[in-house]
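Understanding the architecture of this molecule
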Amino acid sequence: MKINIKQRFKNKTFVVSLITLVLATIYQILGMFEIVPKVSEDTLTSGLMLVVNLLSALGILVDPTTEGLSDSKRALTYGTAEDERRVDENDEGAK
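Residues numbered from 1 in each chain as written. Predicted model: local features only at pLDDT ≥ 70, side-chain atom pairs only at ≥ 80, totals over all residues. Heavy atoms only, no water.

Taken together, the side chains of M1, I3, I5 and F9 define a hydrophobic patch exposed on the protein surface, amounting to about 480 Å² of accessible area. Summarising the element assignment, M1 is placed in the segment before α1 (5-10). Residue M1 is classed as exposed on the basis of its relative accessible area, which comes to 94%. (Patch = residues over 30% accessible without salt bridge, like charges linked within 9 Å, V, L, I, M, F, W, Y side chains within 5 Å. Areas by Shrake-Rupley, 256 points an atom, 1.4 Å probe, with all protein chains shown as cover. Salt bridge = Lys/Arg side-chain N within 4 Å of Asp/Glu carboxyl O. Helix = DSSP H or I, 4+ residues; strand = E, 2+ residues; numbered from the N terminus. Buried < 20%, exposed > 50% of the residue type's maximum accessible area, 1.4 Å probe, protein only.)

Here we take up the side chain of D83. Looking at where D83 falls in the secondary structure, it is placed in the loop between α4 (73-76) and α5 (84-94). Residue classification places D83 among the buried residues on the basis of a relative accessible area of 4%. If we ignore the near neighbours within four places in the chain, the residues touching D83 are T77 and Y78. (Contact = heavy atoms within 4.5 Å.)

Glycine aside, the phi torsion of most residues is negative, and most peptide linkages are trans. Look at E34: it is not a glycine, yet its phi comes out positive at around 55°. Assignment of secondary structure puts E34 in the loop between α2 (12-32) and α3 (41-57).

Let us look at the environment of L30. On the secondary structure map, L30 appears in helix α2. For L30, a relative accessible area of 22% corresponds to the partly exposed category. Discounting chain neighbours no more than four positions away, the residues touching L30 are I35 and P37.

Here it is in structure tokens:
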């Protein structure tokens, strides 16, 4: 099985899912040994979900093809006269 770890870590949704998995696994292992951490799993999960919701609201998690808060130059043209997709659709319709 071949996995491109570097590419997976570029996907923000994968990173959030991995963090959630690690958090749940740690608490399950601690529970097996009856170790009770000072901070509850619910508190950490709520904090993580708050961060995820904030990132989603900003559009960072929704579009993994762009970095940061800004849209790509092409995405900024969507719905305008400069929309490259509209040109592509018109070309296909003429064929």
